[in-house]
Amino acid sequence: MKIILVRHGERTYDKEDDELTNNGKEQVKHLANRLKYENIKCIYTNNLTRSKQTASILAEILGTTIIYSPILNELDIDIFFEDNIDIENTLKDLNVKLDNFIEDIRMRNDNIILAANAGINRAIIGKLLDIPIKKTITFNQNYAAVTELEYVNKYGINFWRLNLLNCKRHLPATIMS
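Here the structure is a predicted model, which is why all the values come from computation and not from measurement.

(A) Unusual backbone geometry, seen in detail. Phi at Asn39 is positive, roughly 55°, even though this residue is not glycine. Within the secondary structure, Asn39 sits in the loop between α1 (22–35) and β2 (40–45). The backbone of Tyr155 sits at a positive phi, close to 55°, despite the residue not being glycine. Its location among the elements puts Tyr155 in the loop between β5 (146–154) and β6 (157–167). Judged by its relative accessible area of 81%, Tyr155 is exposed.

Written out as structure tokens, the structure is:
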């Protein structure tokens, strides 16, 4: 089973809940073409417009369904940099939610896409690889890039293996941002 994390395509930056640019839509089409042989069973996303647009383009091309999950909502950037009791409590809550979400996904035992935002993608990568969330800020998450993690059993041990991190080789240089 694989979890394929993708960040939404290029956005307009004209408001917090903004849309994809035309370039961003093209990026996602190239992303979908890259993923069409991955046997994707469903796409999870959040309720932000740019993420929903990304998931919709992917679902149409890949012929799969979309599941909306609030756990995939964007994280406040302070979570990566601040140290105070409120942030500590937020991190504890997030860790519990991510544990439950990941276990539900793992029990499905299907290849899935998580189409979301940079911050939550970093948090999920950290959770799966047992890396503290504050250290995951160093993971680049470009528009329409692919990060792939696979649940494997090696030597009698089950674990998540990182196969790709922020791969964008499917994007032509003319639409890369």
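(B) Here's a closer look at the packing of helix α4 (residues 85–108) against helix α5 (residues 118–129). Contact geometry for α4 and α5: axes closest at 11 Å, N-to-C directions at 75°. In terms of their interaxial angle, α4 and α5 are classed as roughly perpendicular. Taken together, the residues of α5 that come into contact with α4 (itself represented by Leu94, Asn95, Leu98, Asp99 and Ile102) are Ile120, Ala123, Ile124, Lys127 and Leu128. Here the contact of α4 with α5 is composed, by residue class, of 7 nonpolar, 1 polar and 2 charged.

(C) View of the environment of Arg106. Considering the arrangement of structural elements, one finds Arg106 in helix α4. Arg106 gets classed as partly exposed once you look at its relative accessible area, which sits at 24%. It is 26 Å that separates the C-alpha atoms of Arg106 and Asp76, two residues lying 30 residues apart in sequence. Sequence-distant contacts of Arg106, defined by excluding residues within four places in its chain, comprise Met1, Tyr151 and Trp160. Engagement of the side chain of Arg106 in a polar contact is seen with the side chain of Glu103, the distance being 2.8 Å.

(D) Structural context of the pairing of β5. As paired strands, strand β1 (residues 2–7) and β5 are joined by 5 bridges and run antiparallel to one another. The partner of Val6 across the bridge, within β5, is Val146. Joining the antiparallel neighbours β5 and β6 is a turn of 2 residues, in which Tyr155 adopts a positive phi near 55°.

(E) A look at the sheet that holds β2. In space, the 6 strands of this open sheet follow the order β3-β2-β4-β1-β5-β6, with mixed pairing throughout. Edge strands, defined here as strands with exactly one partner in the open sheet, are β3 (65–68) and β6. Going from strand to strand, the sheet's axes swing by 20° on average, the running direction of each strand aside. Looking at chain direction, β5 and β6 are connected through 8 bridges and run antiparallel. Its bridge partner being in β6, Val146 is matched across the sheet by Cys167.

Rules of the game
Residues numbered from 1 in each chain as written. Predicted model: local features only at pLDDT ≥ 70, side-chain atom pairs only at ≥ 80, totals over all residues. Heavy atoms only, no water. Helix = DSSP H or I, 4+ residues; strand = E, 2+ residues; numbered from the N terminus. Buried < 20%, exposed > 50% of the residue type's maximum accessible area, 1.4 Å probe, protein only. Axes fitted to C-alpha atoms, helices over the stretch in contact; angles between N-to-C directions. Parallel < 35°, antiparallel > 145°, perpendicular 65-115°, else oblique. Contact = heavy atoms within 4.5 Å. Nonpolar A, V, L, I, M, F, W, Y, C, P; charged D, E, K, R; others polar. Polar contact = N/O pair within 3.5 Å; in protein donor to acceptor, adjacent residues only side chain to side chain. Pairing = 2+ DSSP bridges.

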